[in-house]
Amino acid sequence: MTIAVDFDGTIVEDRYPEIGRERPFAVATLKQLIQDGHRLLLWSVREGSRLEAAVKWCEERGVRFFAVNRDYDDDELTEMRHSRKLKADIFIDDRNVGGLPDWGVIYQLIQQRTSLEDYLRESLQGTESKKKKPWWKF
């Protein structure tokens, strides 16, 4: 699966233009996803030396992306007419509707190939009162 991952606020706490502290288990999860055979793309607003610093930060921790701010590596570049829109199966970003789940949940969603909505629905089952009050009609 091809997975696009944001940097600031997702892999690290958002301290742009500085690099924030690692979000808990982000690096370990990304390394496991790579080991599982997924193709990771770094997808960031960073450019130039700030982007290079983010890539270096990740590489120093053992996370090497397939490509950065694109969905192809240099070996696959056969013509100059590529869409700027990334072609990925999943996008992991702190600006998702509902925010960013923790990295353990993200890994489970990817491994189980399920949506966050389904995951939450299953997690909440059994938390409602089993016995409804007689006046409750719904």
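That block above? That's the structure.
Now for a look at the structure at hand. (Residues numbered from 1 in each chain as written. Predicted model: local features only at pLDDT ≥ 70, side-chain atom pairs only at ≥ 80, totals over all residues. Heavy atoms only, no water.)

**Describing the overall build of the chain**
Of the regular secondary structure elements, the chain holds 4 helices and 4 strands. Ordered by position from N to C terminus, the α and β elements of the chain give β-α-β-α-β-β-α-α. Taking all 138 residues of the chain together, 32% fall into the buried category. Once local pairs closer than 6 in sequence are excluded, the contacts in the chain between residues at least 24 apart make up 66%. When the accessible surface of the chain is summed, it comes to about 9800 Å², and 49% of that surface belongs to carbon and sulfur atoms. (Helix = DSSP H or I, 4+ residues; strand = E, 2+ residues; numbered from the N terminus. Buried < 20%, exposed > 50% of the residue type's maximum accessible area, 1.4 Å probe, protein only. Contact = heavy atoms within 4.5 Å. Areas by Shrake-Rupley, 256 points an atom, 1.4 Å probe, with all protein chains shown as cover.)

**Things to note about unusual backbone geometry**
Going from Y16 to P17, the amide bond is cis rather than trans, its omega being 10°. Assignment of secondary structure puts P17 in the loop between β1 (2–5) and α1 (26–35). For N69, which is not a glycine, the phi torsion comes out positive at approximately 55°. Mapped onto the fold, N69 is located in the loop between β3 (67–68) and β4 (90–92).

**Some remarks on the sheet that holds β1**
Across the sheet, which stays open at both edges, the 4 strands sit in the order β3-β2-β1-β4 with parallel pairing between neighbours. Lying at the two open borders of the sheet, with one neighbouring strand each, are β3 and β4. Relative to β4, β1 runs parallel, the two being bridged by 3 bridges. Note that in β4 the partner of V5 across the bridge is I92. Running at roughly 180° to β4, helix α3 (residues 103–112) makes contact with β1 and β4 of the sheet. (Pairing = 2+ DSSP bridges. Axes fitted to C-alpha atoms, helices over the stretch in contact; angles between N-to-C directions.)

**Observations concerning the environment of I3**
Looking at where I3 falls in the secondary structure, it is placed in strand β1. Each C-alpha atom of the pair I3 and L86 lies 9.8 Å from the other, and the pair is 83 residues apart in sequence. When sequence neighbours within four positions are dropped, the list of residues in contact with I3 reads L33, H38, R39, L40, L41, I90, I92 and I110.

**Some points on the nonpolar core**
By size, the foremost hydrophobic cluster in this structure holds 23 residues, and its most contacted members are F7, I11, L30, I92 and W103. Sorting the residues of this core by element identifies β1, α1, β2 (39–42), α2 (48–60) and α3 as the ones contributing at least two each. No other element matches the 5 residues that α2 contributes to this core. Sequence-distant contacts of W103, defined by excluding residues within four places in its chain, comprise V5, T10, I11, R23, P24, F25, A26, T29, L30 and I92. (Core = buried A, V, L, I, M, F, W, Y, C linked by side-chain atoms within 4.5 Å.)

**Quick word on the pairing of β2**
Pairing analysis gives 4 bridges linking β1 to β2, with the strands arranged parallel. By the bridge assignment for β2, T2 is matched with R39. With α1 bridging β1 and its parallel neighbour β2, the resulting β-α-β unit is right-handed. Bridging between β2 and β3 involves 2 bridges; their strand directions are parallel. Counterpart to L42 in the pairing with β3 is V68. (Right-handed = clockwise from strand over helix to strand, strands pointing away.)

**Some details on the pattern of salt bridges**
What the rule picks out here adds up to 9 salt bridges. For the salt bridge of D8 with R46, the shortest nitrogen-to-oxygen distance reads 2.7 Å. In this pair, D8 sits in the loop between β1 and α1 while R46 sits in the loop between β2 and α2, placing the two residues 38 residues apart along the sequence. For the pair D8 and R46, a shared accessibility class is recorded, and that class is buried. Note that R61 and E60 form a salt bridge whose closest N and O atoms lie 3.6 Å from each other. It is possible to trace a salt-bridge network through shared partners that takes in E13, R15 and R21. (Salt bridge = Lys/Arg side-chain N within 4 Å of Asp/Glu carboxyl O.)

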